[in-house]
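Examining the three-dimensional arrangement
Here's the letter readout for the chains.
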Amino acid sequence: MSQHRRFRFAPSPNGPLHLGHALSALINQRRAQETDGRLLLRIEDIDTTRCRPEHEDAIFRDLDWLGIGWETPVRRQSEHFDAYRDALAKLDAMNLVTRSVASRREIREAAARAAASGNPWPRDPDGAPLFPGDAAILDEAEIRRRLQDEPQALRLDTKAALARLGEIPRWREAGFGADQEIVADPLSWGDVVLARKEIPTSYHLSVVVDDGLQGIDEVVRGRDLYPATSIHRLLQELLKLPAPDYRHHRLILDDDGRKLSKSIASTGLGSLREAGATPAEIRKTIGFDA
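Notes on the structure follow. Worth saying up front: this structure is predicted, and the values here are computed from it rather than measured. (Residues numbered from 1 in each chain as written. Predicted model: local features only at pLDDT ≥ 70, side-chain atom pairs only at ≥ 80, totals over all residues. Heavy atoms only, no water.)

This part covers the overall build of the chain. Per the secondary structure count, the chain includes 10 helices and 10 strands. Against the globule reference of 19 Å for 290 residues, the chain gives a C-alpha radius of gyration of 20 Å, in line with a compact fold. Taking the principal axes of the C-alpha coordinates as reference, the chain spans close to 60 × 40 × 35 Å. Out of the 290 residues belonging to the chain, those deemed buried represent 49%. The contacts of the chain with a sequence gap of at least 6 include a subset with a gap of at least 24, amounting to 78%. With the model as given, the accessible surface of the chain reaches about 14,500 Å², and the carbon-plus-sulfur share is 48%. (Helix = DSSP H or I, 4+ residues; strand = E, 2+ residues; numbered from the N terminus. Rg over C-alpha atoms; globule rule 2.2 N^0.38 Å. Buried < 20%, exposed > 50% of the residue type's maximum accessible area, 1.4 Å probe, protein only. Contact = heavy atoms within 4.5 Å. Areas by Shrake-Rupley, 256 points an atom, 1.4 Å probe, with all protein chains shown as cover.)

Dropping the structure here:
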């Protein structure tokens with residue numbers, strides 16, 4: 001591994017980059033400059049139905065416009081499904097992978113019914129209802145039929161994974177204004193998806209594999225992903241991958257106090273550029289001091 005620290009900016013080409021992405025990319029570039037390090041660009045395009053070439057092209061244009069450079073070649077996750085299958089096979093060989101047929105809609109509906117009857121459903125740090133096991137949602141005959149006839153999601157047995165490790169993972173967090181050691185809380189996520197029914201991986205699995213294969217030394221990303229680090233550290237330990245340092249930075253919020261997001265159609269950098277904004281104005285808007 002190179003003696004120069006490695007950083008990565010890893011957007012998904014499923015819509016335009018917004019001001020939050022600009023902040024993350026700029027902080028990554030600054031950290032690379034401060035440490036005489038290297039900045040890699042990764043295209044996280046495992047969702048082949050939503051990710052589009054035109055969005056990837058726009059990512060390159062936006063970053064170049066902001067004055068951000070990156071090393072080539074660019075890693076595209078859609079070109080490395082075999083690496084994620086290999087990691088999944090290792091976890092399966094440890095008896096840590098379970099098959100699930102219940103859909104996200106069925107889990108949400110079960111959670112809504114429970115809440116309506118006065119039994120609040122436990123939720124993960126992102127607010128989604130925790131997976132309770134197929135048997136809590138479907139009858140045995142339906143489970144057997146789906147296991148035989150339909151694709152299945154593959155999930156991590158989180159309790160068994162922690163028992164196998166024998167200790168709770170930790171990580172070094174340099175965000176929030178101070179270096180500190182954080183004790184992971186993987187159980188708060190329940191049995192997370194490792195491979196979707198239609199895609200042979202998931203965000204959690206692919207990001208961990210990629211960070212390991214690319215030798216990333218410091219992961220710089222928004223605070224919305226801080227809780228996910230608990231699952232990432234668990235997977236790193238199970239797969240015997242190196243543990244990077246983490247630096248979770250502040251988020252850019254809209255006028256309603258929501259974090260900027262493609263899902264709420266936050267204004268893209270391309271639109272701001274077309275409206276006459278300059279890179280210097282973008283930096284000022286997001287409070288970034290070069």
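So much for the structure itself; the text now carries on.
The next thing to look at is the packing of helix 3 (residues 81-93) against helix 7 (residues 203-213). Where helix 3 contacts helix 7, the two axes come as close as 10 Å, and the packing angle between them is 105°. As far as their axial angle goes, helix 7 and helix 3 are roughly perpendicular. Here Ala83, Tyr84, Ala87, Leu88 and Leu91 of helix 3 come into contact with helix 7, specifically with Leu205, Ser206, Val209, Asp210 and Leu213. Each residue belonging to the contact of helix 3 with helix 7 can be placed in one class, and the counts come to 8 nonpolar, 1 polar and 1 charged. (Axes fitted to C-alpha atoms, helices over the stretch in contact; angles between N-to-C directions. Parallel < 35°, antiparallel > 145°, perpendicular 65-115°, else oblique. Nonpolar A, V, L, I, M, F, W, Y, C, P; charged D, E, K, R; others polar.)

Summed over all chains, the structure comprises 1 cavity of 30 Å³ or more. For the largest cavity, the calculated volume is near 30 Å³. Lining the largest cavity we find Phe9, Leu39, Leu40, Leu41, Leu63, Ile68 and Trp70. Of the residues that constitute the lining of the largest cavity, the class distribution is 7 nonpolar, no polar and no charged. (1 Å grid on protein atoms, 1.4 Å probe; cavity = no way out; pocket = protein on both sides within 12 Å on 5 of 7 lines; lining within 4 Å. Points joined across faces, edges and corners; volume = space filled by probe spheres on them.)

Turning our eyes to something else, we now look at the layout of surface pockets. By volume, the second largest pocket amounts to about 210 Å³. If you trace the second largest pocket, you find 16 residues lining it, with Ile27, Arg30, Arg247, His249 and Arg250 closest to the centre. Only helix 1 (19-34) and strand 10 (245-249) provide two or more residues apiece to the lining of the second largest pocket. For the lining of the second largest pocket, the element with the most residues is helix 1, which contributes 5 residues.

Leu88, Leu91, Leu156, Leu194, Leu205, Leu235 and Leu238 are the most contacted members of the largest nonpolar core, which has 28 residues in total. Per element, the largest residue contribution to this core is 5 residues, and it comes from helix 3. Leu91 has contacts with Leu96, Val97, Leu194, Leu205, Leu235, Leu238 and Leu239, leaving out every residue within four places of it along the chain. Formed by 27 residues, the second largest nonpolar core is a distinct cluster that contains Leu17, Ala25, Leu269 and Phe288. (Core = buried A, V, L, I, M, F, W, Y, C linked by side-chain atoms within 4.5 Å.)

As a further point, take helix 4 (residues 104-116). With 13 residues, helix 4 should cover 18 Å at 1.5 Å per step; its first-to-last C-alpha distance of 18 Å lies within 8% of that length. For helix 4, every residue scored as buried is listed here: Glu106, Ile107, Ala110, Ala111 and Ala114. Looking straight down helix 4, one finds that the buried residues subtend no more than 135° of arc, so they occupy a single side. Within helix 4, the exposed residues directed more than 90 degrees away from the buried face are Arg104, Arg113 and Ala116. (Expected span 1.5 Å × (residues − 1). Arc of directions from axis to C-beta.)

Remark: helix 7 packs on helix 8 (residues 229-238), axes separated minimally by 10 Å, with the N-to-C direction vectors making an angle of 55°. The orientation of helix 7 with respect to helix 8, classified from their angle, is oblique. For the pair helix 7 and helix 8, the sense of crossing is right-handed. Of the residues in helix 8, those in contact with Tyr203, His204, Leu205, Val207 and Val208 of helix 7 are Ile231, His232, Leu235 and Gln236. By residue class, the composition of the contact of helix 7 with helix 8 is 6 nonpolar, 3 polar and no charged. (Left-handed = near helix turned anticlockwise from the far one by under 90°.)

On to the pairing of strand 6 (residues 170-173). Looking along a regular strand, one sees side chains alternate from face to face of the sheet. Alternating residues of strand 6 divide into Trp171 and Glu173, all buried, and Arg170 and Arg172, none buried. Alignment of strand 6 against strand 7 (residues 180-183), held across 4 bridges, turns out to be antiparallel. For Trp171, the partnering residue across the bridge sits in strand 7 and is Ile182. (Pairing = 2+ DSSP bridges.)

Our next topic: the side chain of Arg233. With respect to the helices and strands, the residue Arg233 is situated in helix 8. A distance of 3.0 Å separates a polar atom in the side chain of Arg233 from a polar atom in the side chain of Gln236. The residues contacting Arg233, other than those within four sequence positions of it, are Pro169, Arg170, Trp171, Ala243 and Tyr246. (Polar contact = N/O pair within 3.5 Å; in protein donor to acceptor, adjacent residues only side chain to side chain.)

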